[in-house]
Amino acid sequence: MATNKDLLNRRTNAVPRGVATSTPVFADRAENAEIWDVEGKRYVDFAGGIAVLNVGHRHPKVMDAVKKQLDRFTHTAFQVSAYEPYIELAEKLNARAPFSGDAKTIFFTTGGEATENAVKIARAATGRNGVIAFCGGFHGRTLLASALTGKVLPYKAPFGTLPGEVYHIPFPDGHDITVEDSLKMLNFLFAADISPNNVAAIIIEPVQGEGGFRVAPTALLKHLRAICDQHGIKLIADEVQSGFARTGKLFGIEHSGVEPDLVCIAKSLAGGFPLSGVIGRAELMDSVPPGGLGGTYAGAPLGCAAGLAVLNIIEEEKLLDRANSMGERLKARIAGWHKRTDMLPVSMPRGLGAMVAFDILERHEGVEQRKGFGSKLCARACEKGLILLACGVQGATIRILTPLTASDELVDEGLDIIEQILLEEAKA
């Protein structure tokens with residue numbers, strides 16, 4: 001059997017460096033919130049495939065649904081021969097849409113497809129081109145999605161001219177930038193660069209993912225909703241990372257009570273199978289003529305079968321409640337670390353539900369982040385048997401995305417590893 005080192009050498013020779021891998025671990029098998037590598041070493045999974053596995057690795061009900069679909073057919077292309085799982089999943093999501101009125105849903109394959117198609121729909125509905133996004137936001141790696149993403153390195157720098165008429169304003173960070181600052185910059189943008197009457201959409205993550213798990217303040221979302229209503233702009237909620245029970249609601253924006261016009265979904269929608277989509281107000285969704293939307297693999301039968309199972313699991317296993325109780329457990333532990341002076345300084349926790357993160361700081365009782373330290377801590381965690389991810393504009397944020405189906409004992413095991421590293425690094 002190949003070793004991790006063998007496979008890493010083969011990967012280096014066969015796969016371009018542009019697709020990065022955060023650990024030197026090659027998975028052999030996984031169950032719920034645990035992974036075993038090709039050498040048989042066990043890891044606690046605090047990454048969840050980057051927020052894809054809210055219901056855990058290989059949930060029995062997901063596997064059963066996919067196996068049953070495999071026995072029927074795997075592909076027809078929905079544009080050629082449609083199938084019931086696509087329609088049934090759309091119906092269930094329409095019923096759970098985080099806005100009033102009739103909804104319709106279309107499926108794709110990746111999160112980047114979801115955000116791009118939401119913009120396409122908004123442009124078709126309004127006849128406008130402009131799109132406003134936020135600094136620190138992440139909306140995908142395709143060209144338009146990269147333009148929407150509010151971070152130059154590594155998502156924009158090498159790729160030349162990106163699609164135009166995309167504008168960015170600062171996101172409130174809880175320290176230097178307030179809601180008022182963000183709105184002031186939006187008004188500057190309207191005065192200097194683009195009239196609000198030429199803006200098709202404003203896109204925002206209810207909780208920034210790659211940007212550091214920063215929660216969009218309710219006041220900001222309410223102001224954006226009012227501005228959109230005033231000027232005929234469509235509000236897009238990018239729920240790719242925050243959706244499907246991670247925050248303690250099916251969609252993160254539900255915490256604010258603000259209703260978007262379009263919702264981008266992906267990641268944990270299908271429990272590990274590639275599926276994404278856009279849920280939108282029916283009249284918006286129907287603004288695109290036949291043939292304007294779709295994709296060869298969009299809404300694939302296996303993904304739709306998995307998505308139906310995921311929605312049932314969330315309800316039957318009460319994962320909204322589980323996300324909230326898990327989040328309380330995570331936040332209590334991190335808050336305890338924040339008070340201690342015998343370990344590396346960390347911030348207070350932030351996030352919604354079980355979408356929780358904290359920053360590694362330069363000093364106790366400070367706010368300056370230890371730039372780039374997140375990747376070092378995650379590498380140490382991997383050595384000790386924990387898969388962990390960093391994020392944030394300065395690379396100093398540790399995010400926790402363990403499956404919601406993980407036991408309290410497994411969560412504590414992972415937190416113990418992080419605590420041990422914080423203690424050891426403080427003494428180094």
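Now for a look at the structure at hand. (Residues numbered from 1 in each chain as written. Predicted model: local features only at pLDDT ≥ 70, side-chain atom pairs only at ≥ 80, totals over all residues. Heavy atoms only, no water.)

## A few points about the overall build of the protein chain
Line of reasoning, step 1. Per the secondary structure count, the protein chain includes 13 helices and 15 strands.
Line of reasoning, step 2. The C-alpha atoms of the protein chain give a radius of gyration of 21 Å, which matches the 22 Å a tight globule of 428 residues would have.
Line of reasoning, step 3. Projected onto the principal axes, the alpha-carbon positions of the protein chain cover approximately 60 × 55 × 45 Å.
Line of reasoning, step 4. Within the protein chain, the proportion of its 428 residues that are buried is 56%.
Line of reasoning, step 5. A separation of at least 24 residues holds for 70% of the contacts in the protein chain among residues at least 6 apart in sequence.
Line of reasoning, step 6. Counting only carbon and sulfur atoms, one obtains 52% of the accessible surface of the protein chain, whose full area is about 18,400 Å².
Line of reasoning, step 7. Distance between charge centroids for the protein chain: 3 Å, based on 46 positive and 50 negative side chains. (Helix = DSSP H or I, 4+ residues; strand = E, 2+ residues; numbered from the N terminus. Rg over C-alpha atoms; globule rule 2.2 N^0.38 Å. Buried < 20%, exposed > 50% of the residue type's maximum accessible area, 1.4 Å probe, protein only. Contact = heavy atoms within 4.5 Å. Areas by Shrake-Rupley, 256 points an atom, 1.4 Å probe, with all protein chains shown as cover. Lys, Arg positive; Asp, Glu negative; His and termini not counted. Charge placed at Lys NZ, Arg CZ, Asp CG, Glu CD.)

## Some words on the packing of helix α11 (residues 319–339) against helix α13 (residues 408–427)
Line of reasoning, step 1. Where α11 contacts α13, the axes come no closer than 11 Å and their chain directions differ by 20 degrees. One finds that α11 runs roughly parallel with respect to α13. The crossing of α11 and α13 is right-handed. Between α11, through R322, M326, R329, L330, R333 and W337, and α13, the contact on the second element is made entirely by D408, V411, D412, L415, D416, I418, E419 and L422. (Axes fitted to C-alpha atoms, helices over the stretch in contact; angles between N-to-C directions. Parallel < 35°, antiparallel > 145°, perpendicular 65-115°, else oblique. Left-handed = near helix turned anticlockwise from the far one by under 90°.)

## A closer look at the sheet that holds strand β1 (residues 27–31)
Line of reasoning, step 1. Judged by pairing direction, the sheet is mixed, and its four strands sit side by side in the order β1-β2-β3-β13 without closing on themselves. The sheet is open, and its two edges are formed by β1 and β13 (386–387), each paired on a single side.
Line of reasoning, step 2. Judged from the three bridges that link them, strand β2 (residues 34–37) and strand β3 (residues 42–45) form a sheet pairing that is antiparallel. Bridged to W36 within β3 is R42.
Line of reasoning, step 3. Here α13 sits on the sheet and contacts β2, β3 and β13; the angle it forms with β3, its principal contact strand, is near 100 degrees. (Pairing = 2+ DSSP bridges.)

## Description of the environment of A396
Line of reasoning, step 1. Residue position: A396 is located in the loop between β14 (389–391) and β15 (397–400).
Line of reasoning, step 2. Taking the C-alpha atoms as reference points, A396 and I121, 275 residues apart in sequence, are found 36 Å from one another.
Line of reasoning, step 3. Discounting residues that sit within four places of it in the chain, A396 has contacts with F358, D359, I360, Q369, R370, K371, G372, G374 and C391.

## Re the side chain of Q369
Line of reasoning, step 1. Take Q369: it is sitting in the loop between β12 (355–359) and α12 (373–383).
Line of reasoning, step 2. Of note is the side chain of Q369, whose polar atom sits 3.4 Å from the side chain of D359.
Line of reasoning, step 3. Excluding its chain neighbours within four sequence positions, the residues that come into contact with Q369 are D359, I360, L361, E362, Q394, A396 and T397. (Polar contact = N/O pair within 3.5 Å; in protein donor to acceptor, adjacent residues only side chain to side chain.)

## Overview of the sheet that holds β12
Line of reasoning, step 1. Pairing within the open sheet is antiparallel, and its four strands lie in the order β11-β12-β15-β14. Bordering the open sheet on either side are β11 (350–352) and β14, each of which pairs with just one other strand. Within this sheet the neighbouring strands show an average axis-to-axis angle of 25 degrees, counted without direction.
Line of reasoning, step 2. Both β14 and β15 contribute to a ladder of three bridges, which runs antiparallel. The residue bridging L389 from the neighbouring strand is R399, located in β15.
Line of reasoning, step 3. Sheet strands touched by α12: β14 and β15. Its angle to β14, the strand with the most contacts, is close to 175 degrees.

## Concerning the pairing of strand β5 (residues 130–134)
Line of reasoning, step 1. Counted residue by residue, β5 has five buried out of five residues, so it is predominantly covered.
Line of reasoning, step 2. Of the two faces of β5, the one lined by G130, I132 and F134 and the one lined by V131 and A133 are each fully buried.
Line of reasoning, step 3. Sheet topology note: the β5/strand β7 (residues 199–204) ladder contains three bridges and is parallel. If you follow G130 over to β7, its bridge partner there is V199.

## Regarding the packing of aromatic side chains
Line of reasoning, step 1. Tallied over the full model, the rule gives nine aromatic pairs.
Line of reasoning, step 2. When the ring of F244 is compared with that of F251, the centres are 5.6 Å apart and the planes differ by 70 degrees; the resulting orientation is edge-to-face. The burial state of F244 is the same as that of F251; both residues are buried.
Line of reasoning, step 3. Connected via pairs of aromatic rings, a cluster forms that spans F73, F78, Y83, Y86 and F107.
Line of reasoning, step 4. Sitting above the plane of the W36 ring, R29 keeps its charged end 4.1 Å from the centroid.
Line of reasoning, step 5. Residue placement shows R370 over the ring face of F373; its charged tip is 5.7 Å from the ring centre. (Phe/Tyr/Trp six-rings, centres within 6.5 Å; stacked < 30°, edge-to-face > 60°. Lys NZ or Arg CZ within 6 Å of the ring centre and 35° of its normal.)

## Some remarks on the packing of helix α4 (residues 84–95) against helix α10 (residues 301–316)
Line of reasoning, step 1. Running from amino to carboxyl end, α4 crosses α10 at an angle of 35 degrees, the nearest separation of the two axes being 8 Å. In the crossing of α4 with α10, the sense of the turn from one axis to the other is left-handed. Of the residues in α10, those in contact with P85, Y86, E88, L89, K92 and L93 of α4 are C304, A305, G307, L308 and L311.

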